[in-house]
4 protein chains.
Amino acid sequence: MSMFIEKIKSEGLAHLSYIVGDGDEAVVVDPRRDCEVYIKIAQREGVRITHIFETHRNEDYVIGSCDLARRTGAVIHHGVGLDFAYGESVAEDDAFAVGDLRLRVLHTPGHTLESISLVLTDRSSGETPVAVFTGDALFVGDVGRTDFYPDRKREVAGLLYDSLFNKLLPLGDQAILYPAHGAGSVCGDSMAAREFSTLGHERRHNPVLQKTEREAFIDYKVNEHHTQPAYFRKMEALNKDGAPPLDRLPVPVPMTPAAVNQAVKDGALLLDLRSPEAIAGAFIPGSLAIPLDMLPAYAGYLLEYDYDLVLVPEEPEQVPVAVRYLIRMGYERISGYLKGGMHAWEVSGREYDRINAVHANTLNERLHGDTAFTLLDVRKASEFSAGRLHNATHIFLGDLQERLGELDRRQPVVTFCGSGRRAIIAASILKRHGFESVEDALGSMAACKRVGCSIVEG
Amino acid sequence: MSMFIEKIKSEGLAHLSYIVGDGDEAVVVDPRRDCEVYIKIAQREGVRITHIFETHRNEDYVIGSCDLARRTGAVIHHGVGLDFAYGESVAEDDAFAVGDLRLRVLHTPGHTLESISLVLTDRSSGETPVAVFTGDALFVGDVGRTDFYPDRKREVAGLLYDSLFNKLLPLGDQAILYPAHGAGSVCGDSMAAREFSTLGHERRHNPVLQKTEREAFIDYKVNEHHTQPAYFRKMEALNKDGAPPLDRLPVPVPMTPAAVNQAVKDGALLLDLRSPEAIAGAFIPGSLAIPLDMLPAYAGYLLEYDYDLVLVPEEPEQVPVAVRYLIRMGYERISGYLKGGMHAWEVSGREYDRINAVHANTLNERLHGDTAFTLLDVRKASEFSAGRLHNATHIFLGDLQERLGELDRRQPVVTFCGSGRRAIIAASILKRHGFESVEDALGSMAACKRVGCSIVEG
Amino acid sequence: MSMFIEKIKSEGLAHLSYIVGDGDEAVVVDPRRDCEVYIKIAQREGVRITHIFETHRNEDYVIGSCDLARRTGAVIHHGVGLDFAYGESVAEDDAFAVGDLRLRVLHTPGHTLESISLVLTDRSSGETPVAVFTGDALFVGDVGRTDFYPDRKREVAGLLYDSLFNKLLPLGDQAILYPAHGAGSVCGDSMAAREFSTLGHERRHNPVLQKTEREAFIDYKVNEHHTQPAYFRKMEALNKDGAPPLDRLPVPVPMTPAAVNQAVKDGALLLDLRSPEAIAGAFIPGSLAIPLDMLPAYAGYLLEYDYDLVLVPEEPEQVPVAVRYLIRMGYERISGYLKGGMHAWEVSGREYDRINAVHANTLNERLHGDTAFTLLDVRKASEFSAGRLHNATHIFLGDLQERLGELDRRQPVVTFCGSGRRAIIAASILKRHGFESVEDALGSMAACKRVGCSIVEG
Amino acid sequence: MSMFIEKIKSEGLAHLSYIVGDGDEAVVVDPRRDCEVYIKIAQREGVRITHIFETHRNEDYVIGSCDLARRTGAVIHHGVGLDFAYGESVAEDDAFAVGDLRLRVLHTPGHTLESISLVLTDRSSGETPVAVFTGDALFVGDVGRTDFYPDRKREVAGLLYDSLFNKLLPLGDQAILYPAHGAGSVCGDSMAAREFSTLGHERRHNPVLQKTEREAFIDYKVNEHHTQPAYFRKMEALNKDGAPPLDRLPVPVPMTPAAVNQAVKDGALLLDLRSPEAIAGAFIPGSLAIPLDMLPAYAGYLLEYDYDLVLVPEEPEQVPVAVRYLIRMGYERISGYLKGGMHAWEVSGREYDRINAVHANTLNERLHGDTAFTLLDVRKASEFSAGRLHNATHIFLGDLQERLGELDRRQPVVTFCGSGRRAIIAASILKRHGFESVEDALGSMAACKRVGCSIVEG
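It should be emphasised that the depicted structure is a prediction, and the values quoted were computed from it without experimental measurement.

Engineer: Give me the overall build of chain A: which residues, what numbers.
Structural biologist: Helices and strands together make up the secondary structure of chain A, namely 15 helices and 21 strands. Here the C-alpha coordinates of chain A stretch approximately 70 × 50 × 35 Å along the principal axes. Out of the 458 residues in chain A, the part that is buried amounts to 62%. Residue pairs in contact within chain A that sit at least 24 positions apart in sequence constitute 68% of those at least 6 positions apart. Of the side chains in chain A, 49 bear a positive and 65 a negative charge, and the two mean positions are spaced by 2 Å.

Engineer: So what's going on with a negative patch on the surface? Residues and values would help.
Structural biologist: Residue and element names in this part refer to chain A. A cluster of acidic side chains, namely Glu304, Asp306, Asp399 and Glu402, defines a negative patch on the protein surface. With respect to the helices and strands, Asp306 occurs in the loop between α9 (295–302) and β15 (309–312). Assessed through its relative accessible area of 57%, Asp306 is described here as exposed.

Engineer: How would you sum up the pairing of strand β2 (residues 15–22) of chain D? Please name residues and give values.
Structural biologist: Residues and elements named next belong to chain D. Of all eight residues in β2, eight are buried, a share of seventy percent or more. Hairpin geometry of strand β1 (residues 4–10) and β2 is characterised by an intervening segment of four residues between the two adjacent antiparallel strands and by a positive phi of about 90° at Gly12. Pairing analysis gives five bridges linking β2 to strand β3 (residues 25–29), with the strands arranged antiparallel. Following the sheet pairing, Asp22 is matched in β3 by Glu25. In sequence, β2 turns back onto β3 through a hairpin of two residues, with Gly23 there showing a positive phi of about 60°.

Engineer: Provide a residue-level description of the interface of chain A and chain B, including the pertinent values.
Structural biologist: Of the residues lining the interface, 31 residues belong to chain A; the matching set on chain B comes to 31 residues. Buried area between chain A and chain B, summed over both chains or domains, comes out near 2,500 Å², and the portion from carbon and sulfur atoms is 50%. By the criterion of area lost to chain B, the three top residues of chain A are Glu277(A), Tyr352(A) and His359(A), representing 23% of everything that side buries. Taken together, chain A and chain B are joined by zero salt bridges. Our count for the contact surface shared by chain A and chain B stands at 18 residue pairs in polar contact (both at pLDDT 80 or more). Mapped by element, the contributors of at least two residues to the side of chain A that touches chain B are α8 (276–281), α11 (341–347), β17 (356–357) and α15 (444–451) of chain A. Counted by class, the side of chain A that touches chain B contains 12 nonpolar, 10 polar and nine charged residues.

Engineer: Account for the sheet that holds strand β9 (residues 116–122) of chain D, with residues named and values stated.
Structural biologist: All names here are of chain D. Spatially, the five strands line up as an open sheet ordered β7-β8-β9-β10-β11, and their pairing is mixed. One side of each edge strand has no neighbouring strand; the edge strands of this open sheet are β7 (95–98) and β11 (176–179). Between one strand axis and the next, the sheet turns through 20° on average, direction left out of account. Where strand β8 (residues 101–107) lies against β9, seven bridges are found, and the strand directions are antiparallel. From the neighbouring strand, His107 faces β9, where its bridge partner is Ile116. In this fold helix α3 (residues 153–168) packs onto β8, β9 and β10 (131–135), with an angle of close to 140° to the strand it touches most, β8.

Engineer: I'd like a description of the relation of the copies chain A and chain B, backed by residues and values.
Structural biologist: Mapping one chain copy onto the other needs a rotation about an axis and a shift along that axis. With an RMSD of 0.1 Å, the operation that places chain A on chain B is a rotation of 180° combined with a shift of 0.0 Å along the axis. When the rotation and shift are considered jointly, the pair of chain copies conforms to a two-fold rotation axis. Both copies present the same face, since 100% of the interface residues in chain A are matched by interface residues at the equivalent positions in chain B.

Engineer: How would you sum up the pattern of salt bridges? Please name residues and give values.
Structural biologist: Residues and elements named next belong to chain A. Within the structure shown, the criterion is met by 144 salt bridges over all chains. The partner of Glu195 in a salt bridge is Lys7, and the shortest N-O contact between them spans 2.9 Å. Within this pair, whereas Glu195 is found in the loop between β11 (176–179) and α4 (199–205), its partner Lys7 is found in strand β1 (residues 4–10), the two being separated by 188 residues in sequence. Accessibility expressed as a relative area gives 13% for Glu195, which makes it buried. Its relative accessible area of 38% is what places Lys7 among the partly exposed residues. Through salt bridges with shared partners, one network takes in Arg32, Asp34, Glu36, Arg324 and Arg328.

Engineer: Hey, could you go over the interface of chain D and chain A for me, with residue numbers and the actual values?
Structural biologist: Where the parts come together, the accessible area they lose is often given as the size of the interface. Each partner contributes residues to the interface: chain D has 25 residues there, and chain A has 25 residues. Carbon and sulfur atoms supply 64% of the area buried between chain D and chain A, which totals about 2,100 Å² over both sides. For the chain D face of the interface with chain A, the top three residues by lost area are Gln174(D), Arg194(D) and Phe196(D), together amounting to 27%. For the pair chain D and chain A, the interface holds two salt bridges. Residue Arg194(A) is joined to Asp122(D) by a salt bridge in which the shortest nitrogen-to-oxygen separation is 2.7 Å. Between chain D and chain A we count 14 residue pairs in polar contact (both at pLDDT 80 or more) in total.

Engineer: Lay out the domain arrangement of chain A in plain terms, naming residues and giving numbers.
Structural biologist: In terms of domains, chain A is made up of domain 1 (4–241), domain 2 (253–347) and domain 3 (356–456). Here domain 1 of chain A and domain 3 of chain A have C-alpha centroids that lie 37 Å from each other.

Engineer: Could you give an account of the side chain of Ser117(C), naming the residues involved and the relevant values?
Structural biologist: Residues and elements named next belong to chain C. Mapped onto the fold, Ser117 is located in strand β9 (residues 116–122). Exposure remark for Ser117: the relative accessible area of 0% places this residue in the buried category. Ignoring anything within four residues of it in the chain, the contact list for Ser117 reads Arg104, Val105, Leu106, Thr108, Val132, Phe133, Thr134 and Leu168.

Engineer: Explain unusual backbone geometry residue by residue, including any values.
Structural biologist: Most of the time, phi is negative for any residue but glycine, and the peptide bond is trans. Here Asp93(B), not a glycine, exhibits a phi torsion of approximately 75°, which is positive. Owing to a relative accessible area of 47%, Asp93(B) belongs among the partly exposed residues under this scheme. Even without glycine at this site, Asp30(C) takes up a positive phi of about 55°. Mapped onto the fold, Asp30(C) is located in the loop between β3 (25–29) and α1 (36–45). The class for Asp30(C) is buried, based on a relative accessible area of 1%.

So, how was this worked out
- Residues numbered from 1 in each chain as written.
- Chains lettered and ligands numbered in written order.
- Predicted model: local features only at pLDDT ≥ 70, side-chain atom pairs only at ≥ 80, totals over all residues.
- Heavy atoms only, no water.
- Helix = DSSP H or I, 4+ residues; strand = E, 2+ residues; numbered from the N terminus.
- Buried < 20%, exposed > 50% of the residue type's maximum accessible area, 1.4 Å probe, protein only.
- Contact = heavy atoms within 4.5 Å.
- Lys, Arg positive; Asp, Glu negative; His and termini not counted.
- Charge placed at Lys NZ, Arg CZ, Asp CG, Glu CD.
- Patch = residues over 30% accessible without salt bridge, like charges linked within 9 Å, V, L, I, M, F, W, Y side chains within 5 Å.
- Areas by Shrake-Rupley, 256 points an atom, 1.4 Å probe, with all protein chains shown as cover.
- Salt bridge = Lys/Arg side-chain N within 4 Å of Asp/Glu carboxyl O.
- Pairing = 2+ DSSP bridges.
- Buried area = accessible area lost by both parts, 1.4 Å probe.
- Polar contact = N/O pair within 3.5 Å; in protein donor to acceptor, adjacent residues only side chain to side chain.
- Nonpolar A, V, L, I, M, F, W, Y, C, P; charged D, E, K, R; others polar.
- Axes fitted to C-alpha atoms, helices over the stretch in contact; angles between N-to-C directions.
- Least-squares fit on C-alpha atoms with pLDDT ≥ 70 in both.
- Domains from an automatic or database assignment.

Now the structure itself:
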């Protein structure tokens, strides 16, 4: 029964939560909404979860504190300065014992105003911090965004500077870093692929921490550009007021093609989870395609909360995975899935459509040819400006549904992104909205570079 | 620790094997090659596997008797009349005790000459047979094929008649039926979807058992048409001489696109396991497409044993599944798989190809249009004659690689089958052999019927 | 996606429930209270649970119909003649389709008045019954008890005769038997170790079905002796009125020896789940010992519903198993467990006690010696009368707590049963109630027979 | 597909091994013998194991390098200075790339002469060491033993000083520490319960690293006392010459009491794995008791390699766990286990014995009483001298089999240790060798302190 720290990663969101235990007790930091995972670990280790810490009011997922507290009797704690409808506030230097371990609160504002970090010490081996849970203040290779208070940009960037340089780094090089996100999160662009680090390693190599001069740091942060998916507003509200209880995960029912048809008529959205290639090969007209592993990153831009979802999976095993991804973002109306997948649809005789794949070489030829077409690049602005093809039209994927009016429907469109994966989502959106000639550049910019297309910068 | 019978189904082949235990012992009937499953069950139940029975020399998979015997010390038994290089022969009425259970041997030739059935009785409840393991003599809804002795067709069909009517059915209506195959096997066309039955139920409802007159039965059997995949010859040899030991399953290594390219240059075959839609959307030129769940049924027609296989999976989880399917059929040279799947290939800038899907309505229009094209129907002869589209060209999928010369390469081809799934394999074969215009009728005959295409019989 | 019948066995109670599916649907027969197992199977098979059948109002466990219905939307069905507070009644010959399968209702009273059986046919293969779910009317090797209506003994035994001989057996020898209990249940003494059978096999070999003459059958049944654990009354009430919802399984918290002490002071019962040998070696004074695998059979005799339970496990893995056993019998107040088990107790310096094991040879010597002692045999009356040691005192284990006053506290006691396992429970009861000299005959009657003790019959 | 480091802990031995991966490759550090765990992780992550590092020639377990290399094609590496019969030597500063990660070799002798450490850097984030694999040079809270070269004690202690202070600590406070053992290992007495640390934390708080003066460090190390289990010699030989291949884990067969008896007659040792309390309650005469979780620590002192082992488990699930523990220490002759455990033995009528538990209070009374008895304390010398009961006789458990002659067989013996667990092993040894009156102080020193027994120091 030794001390343990277990990291629980929610794939896609790249959200990292932690359970820390010693003796008979454990605490959880930033639990996710499908929270049975913490209860199972606690059972396995023979500990009782007594405290739940929220390092900050999250905007990118529904936090599971309320459900976990309801099921374990643990007390929820968060920082001061936000009017939470649940839990208790903690102040600088409040300390919590977990067996021989101790967690001490640091107020580390910047990403949000009430953000806290938790400093871990081991009473059996001295007072030097063993580790620190930094929430969204400090990541491996990056620091937290500071764009959530548009009117107070310089102020909050300055707060983050102070948190990093005056509170966190002084804990010492030896402290192991446990942040709230890993690579792939929408909460930071430049996180490292490596998920293990220390304050000492970050102090030397985290690019943002090299900006040791306060004003330069602030200048850098206020000039960063981040996108804000529409669902952030919903998450902020849920995480301030407490999410509705989720006793258990929804179990979407299997549906025949006829039942799927009826559901769509009744207002459901058909959500295709298959791979870009499979969507390219055949898809159901009217469906929105978001390949399963892209769901955490893009559902929040593209889905609303006021209709039912019917899934089109590659395999039935994808359904419970999609359910987890969706409920973590507050989407609970997942009523069913197409049993037998596209094959069932095809043999029913119903119409299907396809999206031709365009290789980089073909694209290159067309760019030098005479036929007019729209090359729609849906990457982020920063990616676009770092390198693009001639004559590309840029609309970020997250904005595409709102900006369709800017496109000429009479022209053929080839969708384009970094690798062709976001492009298939874009192609599916165009198809849903009546564009007739839509193709997807599978391979996109990555392939263009390999075959030597000419790239424009800026 | 009660008596147990556990059925182990090998998906795809629809091969059913059994482990039967009581007290401290167990026996296995018709083990598959990846035989750790029986050892795990034996461990869980606290029994030792003492005997292995082969109901017949199998032609559709490599039997796992030798490996299982090597690992457990069990004795292998098979019927008399074939010159096996391993194991011991058993004769009519030989009996084997397993705790309170008893297995008695019946010689039930017909499917093969040395076929046996095993009658199960429970000494604690009387001598009436509780159940019978019938091998390939009797299935739920069908009986075994009798086409393996072309010179002695009537003779072996008569032997099967005698086995069924004079040996098996007399065991009584109450006997539970445990056959060696379930629905989906290449060893019988008409098996029921239901996998639980009794001799009494079969006596009344099995269509073939309604032919109670011996000559009529024989006439029926000799007029059946079955296909014989090329790999049957290999299986027959391995199962007579004893398969080479397979200590553990091959572990294909992850390969970059460059490494895949090199492997192909060195003679490897690229085997695409993805769904028909994904293959349609984008595939690697030169690869052979057999969607994973069709591998057990079609690998044996289309793959050789003298080259390495490199897999193109939809997800890495497909790789170990494919490995099991392949080694069960004796394919052991599985050297690697494309890591990252088609996406990795696409972003590498390498060429890919696609196969357009043709809907039943479009096909119908083309059939009534002016443009010449080959509608290539690759179903079995019996399916083709039961109902086909006008002007369809028929080559059974299993024969297609040998009969490509019969097709006009200058004409566009639309491949066609029952649902579009075999058609994608056919399309991939044509593409591999240089046909340029190849499309696949996803939905195929099933969709044609639903949309009202005109169907020709005979 | 073939038809499936999956048997779910709840160990200890030997309760058998079933999920039967085809196409998109499934039904469940006699679900247990921890009902997520059915939902998981339904998800795996891609079916929706539409109907739940209760073959009878159960008296030995809390049925899970209400929870399962709440989570799936399925409709609950039971027989007519009892005033259920939930669900819908079904009448003779009501039929329910599940894909190609059909379930037809037979009213088969006897065990209870509203008992039903369900006849399974497969529309794709004719009308002969494939199988029958017989509830507690017919088991493998036995038939249902008829002792629940003491005033109408002959009447209900006659009803069962009619159900068996006039309704069930006429379904035909070929029908596979799916009863509601297997060997080890309190619902029948003589069930076979074999759990697979057919009506034909039972017709010939089930000992009770050999009593084909109605009056002889009735005579036999009214002379049977069954024990009725106290908790049966509670189960009957819950299963008529509908059990309270159980959203999820209780999660007992780990407790220190000090916390366990406090809980006991506050009225909790300490329940020791360890093996008879471990209890013999050292146990906590005041605890009640019921080895884990005996919990389903004896908790209902010995535990009340109006106090908390604190568990003493051998390993923490036993805790969730015990929780399942207990909630199935309606015990939900399981507040904690001794973390670290007896070892934690021992190193805390707290008192422990032991129960010496007495070998058959030693017992034999003592029986022929001069020292007076009570040999307390706690087996069932039928076992006792079939063979006992000289001078044994008989009190059935289930009655022991109520009949302690009959024993002489001044004499040493050796507890005794079939093998020594029930004897350890008895010894623990005596110790709890202040008996000072208590030993347990590990091996008991089984060992006595092997070493040649003299056995008295009658 | 991010970078990963996964720690694999072998319970009992507290042996820590690691698999480190990035891109398409992975390396393994100090693999255990049952090495399928690394292959499974590699499959899951889509990487190929290319290198295996042995930080030192291990003496406490059979290293799995040869088996893992045989199954993966990876190359084995170890330090220079020992005449290994397999693998390749690596020299200071040799470097190995794993995707973007780099492992650099440091020669860090002291524990053994050829010991190496591996410094991990991440090329994508600068040259500062991210982490270091220290083998048995540096642990969390302790450093490696230096007692394996009795003639060169001061020299090797000095080598370790140089390795720690001149090579490892200079890597920087920020480096995460990955040692080869965690708490509970026989390779260091004072390891922390915490298994995560950094060089910076150890520099400040590791007690041994506070001895910064070279001579003082050497003095401290040469005065340490460690025990050397007999099996160390066997491990050293196997790990120098290469262990025999272990294709798969042994599968002990279930045995009846009669078969167990026969095996013992044929020379097998009966090894009882149950809990101290269960052993106390009833055990088979002649068996050696080592509770399962103590097997890794004590098997090597007490078992020989030249006889078969037959196991007496509490539950059959213990058998495969015991098999893993045993083969890791080179014990491969595990022929069977008693099916049904002690219960099966008891009902067979065979003799059993028991070992009474003696509470601290009782012991205290006896110590002050008149009856002569031997209080046999089997703890380590260092524990004994730190605090013992009056008149205790000390023989370390690991030496007990050899030193039985020192004990007076005519006197009753109470075995004693820290908690009563080692005492049960000692009691079982005495019983095996004919001591008649043997009791075990369950609770032992821990309980004595709690109840206020008087403790003697020194």
